[in-house]
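Residue-level structural notes
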Amino acid sequence: MGRVALVSGGTRGIGEAISIALQAAGYAVAASYHGNEEKAAEFHRATGIPVFKWDVSDYEACVAGIARVEEQLGPIDILVNNAGITRDGMFHKMTLAQWNEVIGTNLNGLFNMTHPVWPGMRDRGFGRVINISSINAQKGQAGQVNYSASKAGDLGFTKALALEGASRNITVNAICPGYTATDMVRAIPQAVLDEKILPQIPVKRLGLPEDIARCVLFLASDDAGFITGSTLSANGGQHME
Ligand SMILES: NC(=O)c1ccc[n+]([C@@H]2O[C@H](COP(=O)([O-])OP(=O)(O)OC[C@H]3O[C@@H](n4cnc5c(N)ncnc54)[C@H](OP(=O)(O)O)[C@@H]3O)[C@@H](O)[C@H]2O)c1
């Protein structure tokens, strides 16, 4: 295969499953992370996948980090923008810091990570950019005005950039996971999950990180070359769009 894939936030949760699936399919994979050294080291030991630390909300750090990845693995063919955070709170109590952190990571992060790899994809005439958005971009969620706005921004980014990439054989797509069993969802109290969230999911279970990884694998493949600017919902039937 020989193609190089970079997965942001690729050392745990959904990103970990994406990194592992891409590696198993024959891609040369790099996984980035932000601050959880212990988990990144454990992931590297278990998979052999090289890990790189930087903050996706910092443009200069992304430029430098991507240069390090390309030096080690070669030009990036597949970029999975998976790193994301929540800083939940009802809007009337939401601080500017909560707003800025979420927009900085979840939305600005897409600019910061994609801008440095885009010229190379254009020059080589191939690329795949896969953005992990969220069901809550599509349907909205109380307590997540910042998160829903950032993730809906990711969908606009996806569609506009897809138009720019199309003539260069670069596809840009988004995936909207529903509630998926990772640390992000484990932060939700069990009673809220059992009483409020699970009853809304027709398949009656949380998503698994591997459910999302299989979507990424498909969108990264040559078989998906006709699919660009699309949003793939993977949410157990909770929201249909
Ligand atoms: N879980 C869900 O139910 C769900 C549903 C819909 C969408 N999503 C989206 O799916 C993506 C993955 O979610 P997850 O549940 O797997 O999250 P997670 O378990 O909390 O993992 C988040 C990953 O992103 C990295 N990260 C966070 N902020 C970063 C930053 N500023 N710079 C670089 N890396 C950063 C983390 O690095 P460290 O390990 O170093 O902290 C970690 O590797 C996110 O974009 C999330 O919004 C999740």
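Refer to the structure printed above.
Note that the structure is predicted; figures quoted are calculated from it, not measured. (Residues numbered from 1 in each chain as written. Predicted model: local features only at pLDDT ≥ 70, side-chain atom pairs only at ≥ 80, totals over all residues. Heavy atoms only, no water.)

This part is about the sheet that holds strand S2 (residues 28-33). Spatially, S3-S2-S1-S4-S5-S6-S7 is the arrangement adopted by the seven strands of the open sheet, whose pairing is parallel. Here the strands that pair on one side only, and so sit at the sheet edges, are strand S3 (51-53) and strand S7 (231-234). Taken pair by pair, the neighbouring strands of this sheet meet at an average axis angle of 20°, ignoring direction. Here six bridges tie strand S5 (residues 127-132) to strand S6 (residues 170-177), and the two strands are oriented parallel to one another. By the bridge assignment for S6, Ile-132 is matched with Ile-175. (Pairing = 2+ DSSP bridges. Helix = DSSP H or I, 4+ residues; strand = E, 2+ residues; numbered from the N terminus. Axes fitted to C-alpha atoms, helices over the stretch in contact; angles between N-to-C directions.)

This part is about the state of the cysteines. Considering all chains together, one arrives at zero disulfides under this definition. The structure places no disulfide on Cys-176, whose sulfur is separated from the nearest cysteine sulfur, that of Cys-215, by 11 Å. (Disulfide = S-S within 2.5 Å.)

What follows is about unusual backbone geometry. Comment: phi is negative for the bulk of residues other than glycine, and the bulk of peptide bonds are trans. We note that Asn-169 has phi near 65°; this positive angle belongs to a residue other than glycine. Within the secondary structure, Asn-169 sits in the loop between helix H6 (145-165) and S6. Residue classification places Asn-169 among the partly exposed residues on the basis of a relative accessible area of 41%. Backbone geometry places Lys-204, a non-glycine residue, at a positive phi of 60°. Here Lys-204 lies in the loop between helix H8 (190-197) and helix H9 (209-220). (Buried < 20%, exposed > 50% of the residue type's maximum accessible area, 1.4 Å probe, protein only.)

Within the span of helix H2 (residues 37-47), buried status applies to Lys-39, Ala-40, Phe-43 and Thr-47. The arc that holds every buried residue of H2, seen down its axis, measures 100°, which confines them to one face. More than 90 degrees from the buried face of H2, the exposed residues found are Glu-38 and Arg-45. Looking at the buried side of H2, the elements it contacts are helix H1 (13-24), S2 and S3. Immediately downstream of H2, the backbone of Gly-48 shows phi near 75°, a positive value. (Arc of directions from axis to C-beta. Contact = heavy atoms within 4.5 Å.)

Quick look at the packing of aromatic side chains now. Counted under the stated rule, the structure contains one aromatic pair. The ring of Phe-126 is capped by Arg-3, whose NZ or CZ atom sits 3.8 Å from the centre of that ring. (Phe/Tyr/Trp six-rings, centres within 6.5 Å; stacked < 30°, edge-to-face > 60°. Lys NZ or Arg CZ within 6 Å of the ring centre and 35° of its normal.)

Among the secondary structure elements, Lys-53 is positioned in strand S3. On a C-alpha basis, the gap between Lys-53 and Ile-14 in space is 17 Å, while along the polypeptide they are 39 residues apart. The residues contacting Lys-53, other than those within four sequence positions of it, are Tyr-33, His-34, Gly-35, Glu-37 and Arg-68. A polar contact is formed between the side chain of Lys-53 and the side chain of Glu-37, at a distance of 2.6 Å. (Polar contact = N/O pair within 3.5 Å; in protein donor to acceptor, adjacent residues only side chain to side chain.)

With that settled, the discussion passes to the site of the ligand. Of all residues adjacent to the ligand, which total 30 residues, the nearest are Arg-12, Gly-35, Asn-82, Tyr-147 and Thr-182. One of the backbone nitrogen or oxygen atoms of Gly-9 is found 3.4 Å away from an oxygen atom of the ligand. Asn-36 places a polar main-chain atom, nitrogen or oxygen, 2.8 Å from an oxygen atom of the ligand. In isolation the ligand offers 900 Å² of accessible surface; the protein chains occlude 94% of this area. The element that contributes the greatest number of residues to the shell around the ligand is helix H7 (residues 183-186), accounting for three residues. Its residues placed into classes, the shell around the ligand shows 12 nonpolar, 14 polar and four charged. (Near = heavy atom within 4 Å. Areas by Shrake-Rupley, 256 points an atom, 1.4 Å probe, with all protein chains shown as cover. Nonpolar A, V, L, I, M, F, W, Y, C, P; charged D, E, K, R; others polar.)

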